[in-house]
Amino acid sequence: MTAAPALVTAVRSAKQYLTYVSAGPFQYAVAKALALPDSYFTGFREDMRAKRDLLADGLAEAGFDVFRPSGTYFVTTDIRPLGESDGFAFCRALPERAGIVAIPNAVFYDHREEGAPFVRFAFCKRPEVLREAAGRLKALRK
């Protein structure tokens, strides 16, 4: 950071406490989570994996190229097999076309054109919502 000395000192002081100490409210949540049994985390992981697979399979059936993640709760897809190449335009039109939202991955790229054909969908939803979304996306192909 470049600024007046007083501002640099203030930012450095705040950063030191943010970097080396978790925010106070989160410490209570982490302490509660650490006390949960391993079965909670195993069940959570299995539930998220099943939701990931449900959405990823549905997206593949709808014609997307799918990149199945090992972590996160987003499935990234390539929209080019659908005849699309502009993720921003695709995502802007998707709510009206199918009642679904997606995020253009280009927002995460330094060179946006490299991420243009990729969009992501969240799978941290109820299974029935994921099935409905997959069906709506599949209907776009017809």
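Structural data are supplied above this passage.
From a predicted model like this one, the values you see are computed outputs, not experimental measurements.

Calculation notes
Residues numbered from 1 in each chain as written. Predicted model: local features only at pLDDT ≥ 70, side-chain atom pairs only at ≥ 80, totals over all residues. Heavy atoms only, no water. Phe/Tyr/Trp six-rings, centres within 6.5 Å; stacked < 30°, edge-to-face > 60°. Helix = DSSP H or I, 4+ residues; strand = E, 2+ residues; numbered from the N terminus. Buried < 20%, exposed > 50% of the residue type's maximum accessible area, 1.4 Å probe, protein only. Lys NZ or Arg CZ within 6 Å of the ring centre and 35° of its normal. Core = buried A, V, L, I, M, F, W, Y, C linked by side-chain atoms within 4.5 Å. Expected span 1.5 Å × (residues − 1). Contact = heavy atoms within 4.5 Å. Pairing = 2+ DSSP bridges. 1 Å grid on protein atoms, 1.4 Å probe; cavity = no way out; pocket = protein on both sides within 12 Å on 5 of 7 lines; lining within 4 Å. Points joined across faces, edges and corners; volume = space filled by probe spheres on them. Nonpolar A, V, L, I, M, F, W, Y, C, P; charged D, E, K, R; others polar.

K.L.:
Hey, could you run me through the packing of aromatic side chains in this one?
P.N.:
Summed over all chains, the structure comprises six aromatic pairs. Relative to F121, the ring of F64 has its centre 5.7 Å away and its plane inclined at 80 degrees; by these criteria the two rings are edge-to-face. With a gap of 57 residues between them, F64 in the loop between α3 (38-61) and β1 (65-67) and F121 in strand β4 (residues 118-122) connect regions that are remote in the sequence. For the residue pair F64 and F121, the accessibility class agrees, reading buried in each case. Put simply, the rings of Y40, F41 and F44 pair up and form one aromatic cluster. Over the ring of F74 we find R120; its NZ or CZ atom is 3.5 Å from the centre of that ring.

K.L.:
I'm lost on the nonpolar core in this one. Help?
P.N.:
One recurring pattern in soluble globular proteins is that nonpolar side chains are buried together. Core analysis: the biggest nonpolar cluster contains 20 residues, and F64, F90, L94, F121 and L137 have the highest contact counts within it. Going through the elements one at a time, α3, α4 (87-98), β4 and α6 (127-139) are the ones with two or more residues in this core.

K.L.:
Help me understand α3 in this model?
P.N.:
The α-helix winds at 3.6 residues per turn, so residues separated by three or four positions along the chain end up facing the same way. Along its 24 residues, α3 runs 35 Å from first to last C-alpha, staying within 8% of the 34 Å computed at 1.5 Å per residue. Regarding α3, the residues found buried are M48, K51, R52, L55, A56, G58 and L59. Elements in contact with the buried residues of α3: β1, β2 (74-78), β4 and α6. G63 sits one or two positions beyond α3 and adopts a positive phi of about 105 degrees.

K.L.:
Whenever I open this one, the pairing of β4 confuses me. Can you help?
P.N.:
Regular strands have side chains that alternate between both faces of the sheet. Counting buried positions along β4 gives four out of five residues, so the element sits mostly inside the fold. Bridge count between strand β3 (residues 103-104) and β4: two bridges; the pairing is antiparallel. Paired with P104 across the strands is V119, a residue of β4.

K.L.:
Can you help me understand the layout of surface pockets in this one?
P.N.:
With a probe scaled to a water molecule rolled over the atoms, the places where space remains empty come into view. Put simply, the largest pocket is a space of about 280 Å³. Taken together, 17 residues form the lining of the largest pocket, with I100, V101, A122, K125 and A133 sitting closest to its centre. Broken down by secondary-structure element, the contributors of at least two residues to the lining of the largest pocket are β4 and α6. It is α6 that provides the largest number of residues to the lining of the largest pocket, a total of six residues. Residue composition of the lining of the largest pocket, by class: 12 nonpolar, one polar and four charged. Counted as a void, the second largest pocket has a volume near 190 Å³.

Don't take any of this as a statement about function, it's just geometry.
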